[in-house]
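A structural walkthrough
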Amino acid sequence: MLEVAGLVAGYASAEQILKGVSVEVGAGELVTLVGPNGAGKSTLLKVVSGLVPAREGQVLLEGRDVTRQSAVERARAGFAFVMQEKNVFGTLSVAENLELACYARPVEMAARRASIYDRYPVLADKRRALARTLSGGQRQILAMAMALLTEPKMLLLDEPTAGLSPKATEELFEVVLGLRDLGLPILMVEQHALEALEVSSRGYVLVSGTNAAEGEGPALAADPEIRRLFLGG
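Residues numbered from 1 in each chain as written. Predicted model: local features only at pLDDT ≥ 70, side-chain atom pairs only at ≥ 80, totals over all residues. Heavy atoms only, no water.

Let us now look at the overall build of the protein chain. If you tally the helices and strands in the protein chain, you get 10 helices and 10 strands. Taking the principal axes of the C-alpha coordinates as reference, the protein chain spans close to 45 × 40 × 30 Å. About 11,000 Å² of surface is accessible on the protein chain, with carbon and sulfur atoms providing 51% of the total. (Helix = DSSP H or I, 4+ residues; strand = E, 2+ residues; numbered from the N terminus. Areas by Shrake-Rupley, 256 points an atom, 1.4 Å probe, with all protein chains shown as cover.)

Another point: the environment of Val176. Turning to its location among the elements, Val176 is positioned in helix H7 (residues 166-181). Here Val176 falls in the buried class, since its relative accessible area comes to 2%. Separated by 16 residues in sequence, Val176 and Pro160 place their C-alpha atoms 9.1 Å apart. Setting aside residues no more than four positions away along its own chain, Val176 makes contact with Leu30, Met144, Leu157, Ile186 and Met188. (Buried < 20%, exposed > 50% of the residue type's maximum accessible area, 1.4 Å probe, protein only. Contact = heavy atoms within 4.5 Å.)

Once that is clear, we can look at the nonpolar core. Of all hydrophobic cores here, the largest spans 40 residues; its most connected members are Leu98, Tyr120, Leu123, Leu142 and Leu155. Of all the secondary-structure elements, those providing two or more residues to this core are strand S6 (79-82), helix H3 (94-101), helix H4 (109-119), helix H5 (121-125), helix H6 (136-149), strand S7 (154-158), H7 and strand S8 (186-189). For this core, the element with the most residues is H6, which contributes 9 residues. Discounting chain neighbours no more than four positions away, the residues touching Leu142 are Val88, Val94, Asn97, Leu98, Leu123, Ala131 and Leu134. (Core = buried A, V, L, I, M, F, W, Y, C linked by side-chain atoms within 4.5 Å.)

Right, let's talk about the side chain of Thr43 for a bit. By the element assignment, Thr43 lies in helix H1 (residues 41-49). Judged by relative accessible area, Thr43 falls into the buried class, the value being 6%. Each residue touching Thr43, except ones within four places of it in the same chain, is listed here: Tyr11, Ile17 and Leu18.

The next thing to look at is unusual backbone geometry. In this structure, Glu62 takes a positive phi of about 50 degrees despite not being glycine. Positionally, Glu62 belongs in the loop between strand S4 (56-61) and strand S5 (64-65).

Once that is clear, we can look at the layout of surface pockets. The calculated volume of the largest pocket comes to roughly 1,000 Å³. Around the largest pocket sit 32 residues that line it, and Ala75, Phe79, Ala80, Tyr103 and Thr150 are the ones nearest its centre. By residue number, the principal contributor to the lining of the largest pocket is helix H2 (residues 71-77), which donates 5 residues. In terms of residue class, the lining of the largest pocket is made up of 22 nonpolar, 4 polar and 6 charged. If you add up the space inside the second largest pocket, you get close to 220 Å³. Lining the second largest pocket we find 14 residues, and of these Gln84, Glu85, Asn87, Arg139 and Gln140 sit closest to its centre. When its residues are assigned to classes, the lining of the second largest pocket shows 4 nonpolar, 6 polar and 4 charged. (1 Å grid on protein atoms, 1.4 Å probe; cavity = no way out; pocket = protein on both sides within 12 Å on 5 of 7 lines; lining within 4 Å. Points joined across faces, edges and corners; volume = space filled by probe spheres on them. Nonpolar A, V, L, I, M, F, W, Y, C, P; charged D, E, K, R; others polar.)

Moving on, we get to the packing of H3 against H6. Helix packing for two helices is described by the angle between their axes and how far apart those axes are. Following both chains from N to C, one finds H3 and H6 inclined at 30 degrees, their axes separated by 8 Å at the closest point. Overall, the two elements H3 and H6 adopt an arrangement that is roughly parallel. In the crossing of H3 with H6, the sense of the turn from one axis to the other is right-handed. Along its contact with H3, which presents Val94, Asn97, Leu98 and Ala101, the element H6 presents Leu142, Ala145, Met146 and Leu149. When its residues are assigned to classes, the contact of H3 with H6 shows 7 nonpolar, 1 polar and no charged. (Axes fitted to C-alpha atoms, helices over the stretch in contact; angles between N-to-C directions. Parallel < 35°, antiparallel > 145°, perpendicular 65-115°, else oblique. Left-handed = near helix turned anticlockwise from the far one by under 90°.)

Take H4 next. Three or more residues of H4 are buried, namely Met109, Arg112, Arg113, Ile116 and Tyr117. In a view along the axis of H4, the buried residues occupy a sector of 145 degrees, so they form one face of it. Turned more than 90 degrees off the buried face of H4, the exposed positions are Ala110, Ala111 and Asp118. Where H4 is buried, its residues touch H3, H5 and H6. (Arc of directions from axis to C-beta.)

For the structure on display, the rule yields 5 salt bridges. Put simply, Glu29 and Arg202 hold a salt bridge, and the shortest N to O gap is 2.8 Å. Here Glu29, found in the loop between strand S2 (18-25) and strand S3 (30-34), pairs with Arg202, found in strand S9 (residues 202-207); they are 173 residues apart in sequence, far enough to count as distant. Arg202 shares its class with Glu29; the two are buried. Two residues, Glu99 and Arg113, come together in a salt bridge whose shortest N-O distance is 3.8 Å. Placement of Glu99 in helix H3 and of Arg113 in helix H4 is noted, with a sequence separation of 14 residues between them. (Salt bridge = Lys/Arg side-chain N within 4 Å of Asp/Glu carboxyl O.)

In short, the description is geometric, and any link to function would need to be established separately.
What follows is the structure, given as structure tokens:
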């Protein structure tokens, strides 16, 4: 579904955050990016989604080169990016946030929003509440629900459990796994590296903007050297 090959990118003209990173996500796979702070994980998602331009390398979705497309064009092609922060409209209600996610296909809005309420009852219960009043976990569920309403081919998640309590983190992992079980391919950056790798099809360890290791998620999580060097024990 997704092939990222030899990406080089950064934010300033002389700055290189990514130094030739390559990543693949197959149909129906949950793939997790882990590594130390500053490794380039979130930058990779921003390059894939079109928010940061690639200086070198390619981004292919279903074999189609989208490297030079804008973020809007990539969203239309099938990418949905749930950022770590500022991923919902706080001054709008839950229902209004979901309505905005349906703007491209308003005729189907009622049915599609009803399906989201069935899948995530907490959003149905809070439909009239302003998004800024939701708990951290509820906001992340809303953000992922908005992404799901765009009917994406590929979901990009940037640290969805950041700042959440252990209980909320566990609940959000269940939401992510539920999306994977729908067959939606997911590329995720996650701070709870061991827990994420254990439920991932595959994983990549990034260090200083380069590929340091890759493999099946559970195997990476169980590798003593990987744990010692990159995952905190």
